[in-house]
Amino acid sequence: RTPWIFALATDMPFAEPALIELLAQRRAGYDAVVPVVGGHPQPLAAFYAASCLTVVRALLDDEGGRRSLRAALARLNVCYVDESQLRVADPQLRSFFDLDTPQDLATAQRASFRTK
């Protein structure tokens, strides 16, 4: 069985391998490793231990509860990695640029965002 997963939103195509490695290096002793950008946790660009599945399933089964990854984070031992640490591996934080609209795509094209 795989002890960890790296969850990445499909609308975040510019994830830097160096950033993923930086996050991976912080897994020891935690249930999850979550970057924080602009003061906001990024739960869809994060590492989760397989043991987190129990917490996530419980949230999904709770009809009256909050069904979100952020609610799950409140129940886990999380290593939050702030922007200053993230910028060591991804100076422009391109990994967190998401493509939600045609305007986002145009911005990415103008900024010459390309995968290496």
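Because the structure is predicted, anything quoted here is derived from the model rather than measured. (Residues numbered from 1 in each chain as written. Predicted model: local features only at pLDDT ≥ 70, side-chain atom pairs only at ≥ 80, totals over all residues. Heavy atoms only, no water.)

**Some thoughts on the overall build of the protein chain**
(1) Moving on: Looking only at helices and strands, one finds five helices and five strands in the protein chain.
(2) Moving on: If you take every contact in the protein chain between residues at least 6 apart in sequence, the share linking residues at least 24 apart comes to 67%. (Helix = DSSP H or I, 4+ residues; strand = E, 2+ residues; numbered from the N terminus. Contact = heavy atoms within 4.5 Å.)

**Focus: the state of the cysteines**
One way to say it: the disulfide is the covalent bond shared by the sulfur atoms of two cysteines.
(1) Moving on: Summed over the entire model, instances satisfying the criterion amount to zero disulfides.
(2) Moving on: Of the cysteine sulfurs around Cys79, a residue in no disulfide, the closest is that of Cys52, at 13 Å.
(3) Moving on: We classify Cys79 as buried; its relative accessible area is 12%. (Disulfide = S-S within 2.5 Å. Buried < 20%, exposed > 50% of the residue type's maximum accessible area, 1.4 Å probe, protein only.)

**A look at helix H1 (residues 17–24)**
(1) Moving on: Of all the positions in H1, only Leu19, Leu22, Leu23 and Ala24 are classed as buried.
(2) Moving on: Where the residues of H1 are buried, they touch strand S1 (4–8), strand S2 (32–37), strand S4 (45–49), strand S5 (78–81) and helix H4 (83–89).

**Here's the deal with the pattern of salt bridges**
(1) Moving on: Applying the stated criterion to the full structure yields two salt bridges.
(2) Moving on: Of the charged contacts in the structure, one is a salt bridge between Arg94 and Glu16, with a shortest N-O distance of 3.2 Å. Placement of the pair is Arg94 in the loop between H4 and helix H5 (102–110) and Glu16 in the loop between S1 and H1, with a sequence separation of 78 residues. The same class applies to Arg94 as to Glu16, namely buried. (Salt bridge = Lys/Arg side-chain N within 4 Å of Asp/Glu carboxyl O.)

**Some points on unusual backbone geometry**
(1) Moving on: At Leu93, a residue that is not glycine, the phi angle is positive and equals roughly 55 degrees.
(2) Moving on: For Leu93, the location among the structural elements is in the loop between H4 and H5.

**Points about the packing of aromatic side chains**
(1) Moving on: Summed over all chains, the structure comprises two aromatic pairs.
(2) Moving on: Ring centres of Phe6 and Phe47 lie 4.9 Å apart, and the angle between their planes is 50 degrees; this geometry places the pair in the tilted category. Highlighted residues: Phe6 in strand S1 and Phe47 in strand S4, separated in sequence by 41 residues.
(3) Moving on: Residue Phe6 is classed as partly exposed on the basis of its relative accessible area, which comes to 25%.
(4) Moving on: Taking 6.3 Å as the distance between ring centres and 50 degrees as the angle between the ring planes, the aromatic pair formed by Phe14 and Phe97 counts as tilted. A residue pair is termed long-range when its members are at least 10 positions apart, and Phe14 in the loop between S1 and H1 and Phe97 in the loop between H4 and H5 qualify at 83 residues. (Phe/Tyr/Trp six-rings, centres within 6.5 Å; stacked < 30°, edge-to-face > 60°.)

**Brief notes about the environment of Asp62**
(1) Moving on: Relative to the elements of secondary structure, Asp62 occurs in the loop between helix H2 (53–61) and helix H3 (69–73).
(2) Moving on: Spatially, the C-alpha atom of Asp62 lies 20 Å from that of Pro43, the residues being 19 residues apart in sequence.

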